[in-house]
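Remarks on the overall topology
Each chain, written out:
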Amino acid sequence: MECEWKPDEQGLQQILQLLKESQSPDTSTQRSVQQRLEQLNQYPDFNNYLIFVLTKFKSEDEPTRSLSGLILKNNVKAHYQNFPNGVSDFIKSECLQNIGDSSPLIRATVGILITTIASKGELQNWPGLLPKLCLLLDSEDYNTCEGAFGALQKICEDSAEILDSDILDRPLNIMIPKFLQFFKHSSPKIRSHAIACVNQFIISRTQALMLHIDPFIENLFALATDEEPEVRKNVCRALVMLLEVRLDRLLPHMHNIVEYMLLRTQDQDENVALEACEFWLTLAEQPVCKEVLCGHLSQLIPVLVNGMKYSEIDIILLKGDTEEDEAIPDNEQDIRPRFHRSRTVAQQHEGDGIEDDEDEDDELDDDDDTISDWNLRKCSAAALDVLANVFRDDLLLHILPLLKELLFHPEWVVKESGILVLGAIAEGCMQGMIPYLPELIPHLVLCLADKKALVRSITCWTLSRYAHWVVSQPPDTYLKPLMTELLKRILDSNKRVQEAACSAFATLEEEACTELVPYLAFILDTLVFAFSKYQHKNLLILYDAIGTLADSVGHHLNKPEYIQMLMPPLIQKWNQLKDEDKDLFPLLECLSSVATALQSGFLPYCEPVYQRCVNLVQKTLAQAMLYQSQPDQYEAPDKDFMIVALDLLSGLAEGLGGTIEELVARSNILTLMYQCMQDKMPEVRQSSFALLGDLTKACFQHVKPCIADFMPILGTNLNPELISVCNNATWAIGEISIQMGECLDFNKLPQYVTVSSRQSKHVCLHRLPLFLRPVGSEMQPYIAMVLHQLVEIINRPNTPKTLLENTAITIGRLGYVCPQEVAPMLQQFIRPWCTSLRNIRDNEEKDSAFRGICTMISVNPGGVVQDFIFFCDAVASWVNPKDDLRDMFYKILHGFKNQVGEENWMRFSDQFPMPLKERLATFYGV
């Protein structure tokens, strides 16, 4: 038998001294302690000293002993695989012997140490651990039972997956029934541990728990009114998760559960109330929500509304009594990291701007993000928001009487919560709120000038939720007064109000679009003045407001006086920022929108901006290569720099069009783009395909020599699992096919087309009569690389709308330039093709796609016969097609009618909905 390890007295004193010093607040002392700890890690038995101080050196004070254990935990995390067997065995044995230490702090530290060793893959190599801990649960000694439970709870949290696997012979089959026995233990701490352990296995529907689901639920009900807040919190958490995974088991008891959760949402302990409030959020996602809650709304709504008031502690944390803080620099830790969202190409629809299938960032964010990210106020507001979307205007019966009282309440905290309620119900109850808005909007505009900053900031947010309605009214009535006040708030003396106003104004810009053109000078004046006023954090939000303005008003921004106001401060910031500064992200995004809007107006600024973007891409790629070849010596690059640069280059190409040609000619952007298109990171590929499409439109002469390299890469990226990558690759293929079709060699045109020497050498295919179309094009060799994938995507269920539309346009364009290759597959895609494109606006892309479909029908008329009604519907979606395209439609419709005969046509057209019938009769005489 091995002799037990004993410490050397001198070594022990040195380590104790080090532990004391490490508790010093002085940073230089801290740094020297850190260096000495790293040196001591060279000695194998250093970790023995640490466990010794934690478990055996009971004369030492508890914080020092616990610190010794936490340093050991960090060493386990970093170097456990290098511990000699003797050391790791000694640590394990000491942990199990001391799990029942009389000090709660030491027990907790030992528990953390055990679970850290277990999570290093040691559950397999420590087979005695779980049986031993389960055995210790039965100990007569409270400390031992509690210590063992604390360790088990941490193991269940960290290693839930492996506990439910065959690797360990499914220990949960024994552990879960064991945990259930402790739900009725006399100690609240033990009861709480027991529920927390079982809760880890609800969401994953672990078989061992599902076998005992009924006793589990019965035990939860028995603990519903436990006097210990931690127990009540865990009961609420369990019920919320069960609602998601075992609703069937809760339904018979649902009336009582709802009554219980109403009580708990008002619990004196805010942690319990927050956990219970999650129940309403989860219930709103269940189909039974309406049925279950309709009888309880009169009780629930006041409870949620009450939870939306700031608590006293919230106001202290938010510095709610500080009204003016604009001159105080931001604490850098308070600035959330920003992540760039790569460019996605989408089609425009009737009556709106750009469609985007991804969720908007218009979530309930009532901007109190300095307190813990999730609290009762936010949860109550989110619950009211989702319930408003379930019950719609039925909710107003319970809300309106409360709102009247809240909105005009003399206490600012109550009034503020009323304004938040009004914002929370905006989306779900909009229709029912419309009669009240003519009175409410002016009241809210007045609240923008309230003396309390927190009232002003929430009012900005709530008004942004009603921006759509404001914009639908005559501009002088609501838009102008709202905009005037919001612009004043953008220059508020309180930073929180500045931030809320800037965000609200960006929402207003998106809704109002060109309605803002008459006020542009006034708006730019304010936004540019804010540059000199804002601290770091709000400056980043200001970039977003300027970029959104550019997106919304487009070319109306291209006036010398506006450019003179806007560009100098932007370029000044651009010159101040280093290439490594992440503030470049929002600035580059902003400049991308501005360049696209200004078009030729951006020319004086484009060369340095273009060059810097190319350099950013080049630097990132070079760093990625160094990291790949020598990961020990080099750091992985932050590829967001490259993504954001590619997106700004896209914005330049879109805004400057052909004038970007010189810059492309003088740079190696196409070589860099070829590398980006093969990057492992999907967002890099996504942005590079968007740039490829934009450069194809702007200066195809430079792209064309690379097509043979680019097309196979585009083909391999037609994978709809990565929606945005696939979408942009599809769009780029469509743009390339049009250019390849249009770059025809005149010498190869059929001899019956004569071209005088003065005519342009660049001809659009659709200007040639259909029967004079050259057969085949330079696109021909690439059709096989992409066509089958595109047909598969367009037929795939649940494909997002943007991807369907771009796929349909690209298939149409391929058929336009290579009808002989694409038309044989017509029957496989004609129906989804027609339904995808019926809702998009008349534009060049839709035009070329429909020319393609008409050409393919002329090559393979049989391919459309079965789905001809869908073709008729798609044709009728055109508001104003060009004359020659209208002529193509006319010929196909009449050709089909003549083919089937008058009687069959009558029977066929009787199936048409009346608007379709009338439209075809009016425009095409069929």
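Up top is the structure these notes are about.
Values in this document were obtained by computation on a predicted structure and should not be read as measured data.

The next subject is the overall build of the protein. For the protein, the count of helices and strands is 50 helices and zero strands. Counting only C-alpha atoms, the protein reaches 105 × 70 × 60 Å along its principal axes. Looking at the protein alone, contacts between residues at least 24 apart form 74% of all its contacts between residues at least 6 apart. Surface summary for the protein: the accessible area is close to 41,300 Å², and the carbon and sulfur share equals 51%. Placing the 81 positive and 128 negative side-chain charges of the protein at their respective mean positions leaves the two points 2 Å apart.

What follows concerns the pattern of salt bridges. In the structure shown here, the tally under the stated rule is 49 salt bridges. Across the pair aspartate 164 and arginine 170 runs a salt bridge whose closest N-O atoms are separated by 3.1 Å. Here arginine 170 falls in the partly exposed class, since its relative accessible area comes to 31%. With a closest N to O distance of 2.8 Å, arginine 666 and glutamate 607 form a salt bridge. Here glutamate 607 lies in helix H34 (residues 603-629) and arginine 666 lies in the loop between helix H36 (661-665) and helix H37 (669-676), a separation of 59 residues in the sequence. Shared partners join several salt bridges into a network, and the residues in it are Arg456, Glu485, Lys488, Arg489 and Asp492.

Bringing the nonpolar core into the picture now. Counting 321 residues, the largest nonpolar core has Phe216, Trp280, Phe602, Leu652, Met779, Phe829 and Trp833 as the members making the most contacts within it. Residues within four places of phenylalanine 216 in sequence aside, it is in contact with Leu180, Phe183, Val198, Asn199, Ile202, Leu209, Ala238 and Leu242.

Taken together, the side chains of Glu510, Glu511, Asp544 and Asp551 present a region of like negative charge at the surface. Of all the elements in the fold, those that place two or more residues in the negative patch are helix H29 (495-512) and helix H31 (536-553). If you trace the backbone, aspartate 551 turns up in helix H31.

Once that is clear, we can look at the packing of helix H8 (residues 142-158) against helix H11 (residues 188-199). Across the interface, H8 lies against H11 with an axial gap of 9 Å and an inter-helix angle of 20 degrees. One finds that H8 runs roughly parallel with respect to H11. Crossing of H8 over H11 shows left-handed handedness. Judged by residue contacts, Tyr142, Cys145, Glu146, Phe149, Gly150, Leu152, Gln153 and Cys156 of H8 engage Lys189, Ile190, His193, Ala194, Ala196 and Cys197 from H11. Residue classes in the contact of H8 with H11 are distributed as nine nonpolar, three polar and two charged.

This brings us to the side chain of glutamate 275. Structurally, glutamate 275 can be placed in helix H17 (residues 270-284). Setting aside residues up to four positions removed in sequence, glutamate 275 forms contacts with Lys233, Cys236, Arg237 and Val240.

Taken together, the side chains of Ile313, Ile316 and Leu317 make up a nonpolar region of the molecular surface, amounting to roughly 320 Å² of accessible area. The topology assignment puts isoleucine 316 in helix H20 (residues 312-317). Residue classification places isoleucine 316 among the exposed positions, given a relative accessible area of 61%.

Relative to the elements of secondary structure, valine 231 occurs in helix H14 (residues 229-245). Distance in space between the C-alpha atoms of valine 231 and isoleucine 190 is 9.3 Å, their sequence separation being 41 residues. If we ignore the near neighbours within four places in the chain, the residues touching valine 231 are Pro188, Arg191, Ser192, Ile195, Leu223 and Asp226.

This part takes up the state of the cysteines. What makes a disulfide is a covalent bond joining the sulfur atoms belonging to two cysteines. Considering all chains together, one arrives at zero disulfides under this definition. Not part of a disulfide, cysteine 676 finds its nearest cysteine sulfur in cysteine 613, a span of 12 Å.

For any two aromatic rings, the description comes down to two numbers: the centre-to-centre distance and the angle of the planes. The tally for this structure, following the rule as stated, stands at 25 aromatic pairs. Plain terms: the ring middles of tryptophan 878 and phenylalanine 889 are 6.4 Å apart, the flat faces sit at 50 degrees to each other, and that makes the pair tilted. With tryptophan 878 in the loop between helix H47 (868-876) and helix H48 (883-900) and phenylalanine 889 in helix H48, this residue pair connects regions lying eleven residues apart in the sequence. By the burial criterion, tryptophan 878 is buried, and phenylalanine 889 matches it. Ring plane angle 90 degrees and centroid distance 6.3 Å describe the contact between tryptophan 905 and phenylalanine 912, whose orientation is recorded as edge-to-face. Grouping residues by exposure puts tryptophan 905 and phenylalanine 912 together as buried. Chaining the aromatic ring pairs together yields one cluster made of Trp833, Phe850, Trp878, Phe889, Phe923 and Tyr924.

Even without being glycine, arginine 205 reaches a positive phi, approximately 50 degrees. Counting through the fold element by element, arginine 205 comes out in the loop between H11 and helix H12 (207-210). Judged by relative accessible area, arginine 205 falls into the partly exposed class, the value being 46%.

All right, on to the packing of helix H22 (residues 396-407) against helix H23 (residues 412-424) then. Following both chains from N to C, one finds H22 and H23 inclined at 140 degrees, their axes separated by 8 Å at the closest point. Between H22 and H23, the interaxial angle falls into the category oblique. The way H22 lies across H23 gives a crossing that is left-handed. Counted together, Ile399, Leu403, Leu406 and Leu407 of H22 and Val414, Lys415, Ser417, Gly418, Ile419, Val421 and Leu422 of H23 form the full contact between these two elements. Tallied by class, residues from the contact of H22 with H23 come to eight nonpolar, two polar and one charged.

Rules and cut-offs
Residues numbered from 1 in each chain as written. Predicted model: local features only at pLDDT ≥ 70, side-chain atom pairs only at ≥ 80, totals over all residues. Heavy atoms only, no water. Helix = DSSP H or I, 4+ residues; strand = E, 2+ residues; numbered from the N terminus. Contact = heavy atoms within 4.5 Å. Areas by Shrake-Rupley, 256 points an atom, 1.4 Å probe, with all protein chains shown as cover. Lys, Arg positive; Asp, Glu negative; His and termini not counted. Charge placed at Lys NZ, Arg CZ, Asp CG, Glu CD. Salt bridge = Lys/Arg side-chain N within 4 Å of Asp/Glu carboxyl O. Buried < 20%, exposed > 50% of the residue type's maximum accessible area, 1.4 Å probe, protein only. Core = buried A, V, L, I, M, F, W, Y, C linked by side-chain atoms within 4.5 Å. Patch = residues over 30% accessible without salt bridge, like charges linked within 9 Å, V, L, I, M, F, W, Y side chains within 5 Å. Axes fitted to C-alpha atoms, helices over the stretch in contact; angles between N-to-C directions. Parallel < 35°, antiparallel > 145°, perpendicular 65-115°, else oblique. Left-handed = near helix turned anticlockwise from the far one by under 90°. Nonpolar A, V, L, I, M, F, W, Y, C, P; charged D, E, K, R; others polar. Disulfide = S-S within 2.5 Å. Phe/Tyr/Trp six-rings, centres within 6.5 Å; stacked < 30°, edge-to-face > 60°.

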